[in-house]
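In case you want the letters, here they are:
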Amino acid sequence: MVEECKPVLDTGLRGLVIASSKISDVRGSEGKLIYRGYLIQDLADKVSFEETVHLLIHEKLPDHKELKAFKEKLAAERHIPKEIVDALKTCPHNALPMDVLQAGVALLAHHDPDIRDQSREASERMAIRLIAKLPTVLAAWERIRNGRDVVPPRDDLDHAGNFLYMLKGEIPSEEEAKFLDTCLVLHAEHSFNASTFAAREVASTKAHMYASVAAGVGSLSGDLHGGANVRVMQMLQEIGSIENVESFVEKTLREGKKLMGLGHAVYQVDDPRAFILAPMSKRMGERVGEIQWYEISRKLEKTAKKTFKEKKGLDLPVNVDFYSASLYYSMGIPVDFFTPIFAISRVAGWTTHVLEEQFAEAAPKPALYRPESKYVGEYCGLEQCEFVPLDKR
Ligand SMILES: CC(C)(COP(=O)(O)OP(=O)(O)OC[C@H]1O[C@@H](n2cnc3c(N)ncnc32)[C@H](O)[C@@H]1OP(=O)(O)O)[C@@H](O)C(=O)NCCC(=O)NCCS
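Please read all numbers here as calculations on a predicted model, not as lab measurements.

**Quick word on the sheet that holds strand β1 (residues 24–27)**
Okay, so step 1: Overall, antiparallel pairing links the 3 strands, which are arranged β1-β2-β3 in an open sheet. Where the open sheet ends on each side, the last strands, each with one partner, are β1 and β3 (38–39).
Okay, so step 2: Both β1 and strand β2 (residues 32–35) contribute to a ladder of 4 bridges, which runs antiparallel. Bridge pairing in β2 places Val26 opposite Leu33.

Take a look at the structure:
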C-alpha cells in the first residue's frame with residue numbers, strides 16, 4: 001500500500017499542500033497574513049474581534065447594522081450553565097488551564113441543543129456558542145481556582161472588555177480592552193497550523209463542532225505551538241535583566257536548545273503580527289512601570305538573530321508569541337493563561353475551518369484525512385513473526 005503512495009517521510013508534512021481553503025493565506029516568504037483577502041496589518045487595530053469573527057464565518061466584513069446584530073447574538077450566548085460552573089469547582093486548583101478549557105468544551109457539548117443536528121445552520125450556531133462561551137469558562141476557572149466568586153458576563157461590554165471584566169471583576173480601561181481586542185484579532189486565524197489541522201482532521205470524520213474544537217485546544221497546548229507564549233515569559237524571567245541577554249542567547253544556542261518565540265514553520269521572514277504587538281508591549285510596559293520585559297525582549301530579538309546568523313548562517317524570524325508574552329504580562333494576565341487566551345481567539349479560526357471542511361461546496365477535498373505510515377518495525381527476521389502462545393513464551 002505504502003509503495004503506491006509518494007512517500008514524504010518524517011517531514012511533519014512541511015511544504016505539502018493538502019487542501020484548498022478560502023479562509024486565510026500565510027505567505028511565509030513575504031511575511032504576509034491574509035484573512036479572506038484582507039492583510040492583517042489593515043485589520044489589526046481597525047476592526048474588532050467581533051468584526052473578525054463575522055469576516056471569517058460569514059465571509060464579509062459587516063456593515064453597522066450587521067455588526068450590531070452580530071454583537072448582540074454573541075453577547076446573548078455568553079452565559080454558561082450553572083452545572084458547568086459546579087463541574088469546574090471539582091477540578092484541583094493546580095489543574096492546567098488548557099486542560100480545564102478542553103474539558104469545558106466537552107462539558108458545553110452536553111448542554112448544546114443542536115449537538116445531534118448535522119446541518120450547516122446547527123454547526124454555525126454551535127460555532128457562535130463556542131466563541132461566545134469559552135471566555136466565560138476560562139474567566140470562571142481563574143476565579144474558582146483563586147477561591148473567588150465567579151463573575152457572570154455582561155452583555156453591554158464588547159467581547160474583549162467583557163472577558164477582562166469577568167477575569168478581574170472590574171471593568172477594564174478602554175486601552176486595556178482595545179489591546180486585548182487587537183490580540184484576539186491577530187490570533188484568530190492562521191491557515192493549516194497544527195491545531196487547525198487537528199480540528200479539521202476530526203471534522204473530516206463528520207464528528208461535531210465541539211469534538212473538533214476540543215482537538216484544537218489539545219494541539220494548541222503544546223510548547224512548540226500555543227504553549228510557546230508561556231515559555232517566552234518564563235525565558236524572560238529567567239534572563240531577568242538586559243545585561244544577561246547575550247550570555248543567555250550564547251548558552252542556549254551552544255546547548256542546542258530553542259529560543260522561544262523565535263523561528264517559524266512557515267514564515268522565513270518576521271511574522272507580521274510581531275510588528276503590531278511590539279509597540280503594544282512597549283506602551284503597556286510603560287503604563288504599568290514594567291518596561292524591562294519589553295526591553296529584554298527587544299535586545300533578545302536582536303541578539304538572537306545576529307548570533308543565529310553567525311552560527312548557522314540562517315535567519316531566525318520573530319513569531320507572534322514573542323511580544324504577546326510581555327504584553328499579556330504587563331496587562332496583569334496570569335502567565336498560565338497566555339495560551340488559553342490564544343485559544344479563545346483561535347476558536348474563531350477552528351470553527352470556521354470546521355464549517356469549511358464539512359460544508360464548503362466549491363473546494364474539492366478528501367472525504368476523510370487518512371495518510372499512510374511506513375512500517376519500520378520488526379518481522380523477527382522472517383516474513384512475519386511467528387506467534388507463540390502465552391504459556392510457551
Ligand atoms: C516553530 C519551530 C518548531 C519551527 O521549527 P522548524 O520548522 O524545525 O524550523 P527550521 O526548520 O527553520 O529550523 C532550522 C534550524 O533552526 C533551529 N531553530 C529553529 N527555531 C529555533 C529557535 N527558536 N531557537 C533555536 N534554534 C532554532 C532548528 O532546531 C533547526 O536546527 P537544525 O538544522 O540544527 O536541526 C521552531 O522554530 C521552534 O521550536 N521555535 C520555538 C518555539 C516557538 O516559538 N513556537 C511558536 C511558533 S509560532
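This is not the end of the story, as more comes after the structure.
**Considering the packing of helix α6 (residues 120–145) against helix α10 (residues 209–220)**
Okay, so step 1: Direction vectors running N to C along α6 and α10 enclose 40°, while the axes themselves pass 10 Å from each other. Between α6 and α10, the angle falls in the class oblique. In this structure, α6 uses Ser123, Met126, Ala127 and Leu130 to contact α10, whose residues at the interface are Met209, Tyr210 and Val213.
Okay, so step 2: A per-class count over the contact of α6 with α10 returns 6 nonpolar, 1 polar and no charged.

**What about the pairing of β1?**
Okay, so step 1: Only one face of β1 is buried, namely the one carrying Ser24 and Val26, since none of Asp25 and Arg27 on the opposite face is buried.
Okay, so step 2: Counting the residues that bridge the hairpin from β1 to β2 gives 4 residues, and of these Gly31 lies at a positive phi of roughly 70°.

**Some remarks on the domain arrangement of the protein chain**
Okay, so step 1: Each assigned domain of the protein chain is listed with its residue range as follows: domain 1 (33–224 + 335–359) and domain 2 (228–330).
Okay, so step 2: Using C-alpha coordinates to define each centre, domain 1 is positioned 27 Å away from domain 2.
Okay, so step 3: Listed by partner, the interface residues are 17 residues for domain 1 and 17 residues for domain 2.
Okay, so step 4: Counting residues per element, the ones that place at least two in the side of domain 1 that touches domain 2 are α1 (40–43), α8 (174–187) and α16 (338–359).
Okay, so step 5: No other element matches α8, which puts 5 residues into the side of domain 1 that touches domain 2.
Okay, so step 6: The residue inventory of the side of domain 1 that touches domain 2, partitioned by class, reads 11 nonpolar, 4 polar and 2 charged.

Rules of the game
Throughout this description, residue numbers start from 1 for each chain and increase along the sequence as written. This being a predicted model, a pLDDT of at least 70 is required before a residue's local features are given, and a value of 80 or more before pairs of side-chain atoms are given or counted; all residues contribute to the totals for chains, interfaces and linings. A strand pair is defined by DSSP finding two or more bridges across the two strands. Under the DSSP-based scheme used, a helix requires at least four consecutive residues in state H or I and a strand at least two consecutive residues in state E, with every element numbered from the N terminus. Angles here are taken between N-to-C directions and fall from 0 to 180 degrees, while the axes themselves are lines fitted to C-alpha atoms, restricted in helices to the stretch in contact. With respect to orientation, any angle under 35 degrees is reported as roughly parallel, any angle over 145 as roughly antiparallel, any angle of 65 to 115 as roughly perpendicular, and every other angle as oblique. Any pair of residues counts as being in contact when their C-beta atoms, constructed from backbone geometry, are within 7 Å of one another. Only Asp, Glu, Lys and Arg are considered charged in this grouping, and only Ala, Val, Leu, Ile, Met, Phe, Trp, Tyr, Cys and Pro are considered nonpolar; every other residue, Gly among them, is considered polar. For the exposure call, what matters is how many other C-beta atoms sit within 10 Å of a residue's own: 20 or more marks it buried, 12 or fewer exposed, and in between partly exposed, using C-beta atoms placed from the backbone. Domain extents, as shown, originate in an automatic or database domain assignment.

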